[in-house]
Amino acid sequence: MIESTIRKPLALITGATAGIGQATAIRLAGEGYRLLLAGRRAERLKLLASDLKTHYGAECYCVEVDVRNLKQLTETINNLPPDWKEIDVLINNAGLAAGLDPVQFGSFDDWNQMIDTNIKGTLFLTRLVAPGMIDRKRGHIINISSIAGKEVYANGSVYCATKHAVEALTLGMRIDFVPYGIKVSSVSPGAVETEFSMVRFKGDGERAKKVYEGFDPLQAEDIADAISYILSRPSHVNIQDILIMPAAQASSTVLFKNSVEGSK
Ligand code: NDP
Ligand code: 8X3
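The sections below set out a description of the structure shown in this document. (Residues numbered from 1 in each chain as written. Chains lettered and ligands numbered in written order. Predicted model: local features only at pLDDT ≥ 70, side-chain atom pairs only at ≥ 80, totals over all residues. Heavy atoms only, no water.)

Next up on the list: the sheet that holds strand β4 (residues 89-92). Overall, parallel pairing links the seven strands, which are arranged β3-β2-β1-β4-β5-β6-β9 in an open sheet. Sheet topology places β3 (60-64) and β9 (241-244) at the edges, where each strand pairs with a single neighbour. Each strand axis lies, on average, 15° off the axis of its neighbour in the sheet, ignoring direction. In the sheet, strand β6 (residues 182-189) pairs with β9 via four bridges, with the strands oriented parallel. Bridge pairing in β9 places Ser186 opposite Asp241. (Pairing = 2+ DSSP bridges. Helix = DSSP H or I, 4+ residues; strand = E, 2+ residues; numbered from the N terminus. Axes fitted to C-alpha atoms, helices over the stretch in contact; angles between N-to-C directions.)

The phi dihedral of Lys137 falls on the positive side, at around 55°, and the residue is not glycine. Take Lys137: it is sitting in the loop between α5 (108-136) and β5 (139-144). Within the chain, Asn155 stands out as a residue other than glycine whose phi angle is a positive 70°. Among the secondary structure elements, Asn155 is positioned in the loop between β5 and α6 (157-177).

As a further point, take the site of ligand 1. By nearness alone, 30 residues border ligand 1, and Thr17, Arg40, Arg41, Tyr159 and Thr194 come closest of all. Arg40 is positioned with one of its side-chain polar atoms (N or O) 2.7 Å from an oxygen atom of ligand 1. In this structure, Tyr159 approaches ligand 1 through a side-chain N or O atom, which is 2.7 Å from an oxygen atom. Considering ligand 1 on its own, with 890 Å² of exposed area, one finds that the protein chains cover 96% of that surface. When contributions to the shell around ligand 1 are tallied by element, the ones reaching two or more residues are α2 (19-30), α6 and α7 (196-200). For the shell around ligand 1, the class distribution of residues is 13 nonpolar, eleven polar and six charged. (Near = heavy atom within 4 Å. Polar contact = N/O pair within 3.5 Å; in protein donor to acceptor, adjacent residues only side chain to side chain. Areas by Shrake-Rupley, 256 points an atom, 1.4 Å probe, with all protein chains shown as cover. Nonpolar A, V, L, I, M, F, W, Y, C, P; charged D, E, K, R; others polar.)

In short, the description is geometric, and any link to function would need to be established separately.
Spelled out as structure tokens, the structure:
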């Protein structure tokens, strides 16, 4: 009786069709959240929403969006049904690395895709969602950064630059939003076995598989666990950043593998 009158928290997760975003959706559904699931692959969103309903009774609303498309994002956020407008948690997770090249051989298209998705996508969503949080004086934004936001490795400078930018945005958002009681956190993983490397290497499955061979990489569920920890702290506590690595990884370039081959 009491339970039915308590509003369940609403989380918007970008990049919910795979990897960390999908695992986080599953975790939060199990913890009683209502979910706005965002991504470009509509069929995957629908399937996930249906699974979450079946297994957890979770209410989900799917939004097929490309986070690079400001017009589409603006229309989507502004036209959410009334019950889905009050977003308590925004997880800026959608992102990618495209290619692994030194700057002198880098692809302009790869650079644009990474910069537009990882930096501008995070900014666009935050700009669209934060005003509502400010009005309600409550909210939590979690940006998915990376060890690549703290270190730079060979051939990864543009991806690393985008994640360094996410780090700067997280720091800036925290300053801008602190007067309104809005928490801003980040999670910065090392190697997580998801579709990330398949995307980076443009469908080259053999090359992608090699990235995770010879050690136990993090799984998407490990990152969902960190996100759940951040969200479940008491209201006076903000976890600013969780840097989380596989036990075999000491830095972005030092990875202890059973075989001698490098990680990238
Ligand atoms: P996946 O490739 O498994 O998932 C990426 C997600 O991002 C997908 O759901 C994809 O959805 C979404 N996405 C990509 N581009 C867009 C876009 N333009 N618009 C909307 N959604 C988009 O990778 P991960 O789960 O590993 O990556 C999630 C985040 O974690 C990224 O920000 C990544 O940089 C970060 N990260 C990953 C690490 C790793 O080792 N895997 C380590 C550190 C950080 P769709 O294609 O359906 O649109
Ligand atoms: C993904 C991890 O080390 O490939 O952010 O950049 S890494």
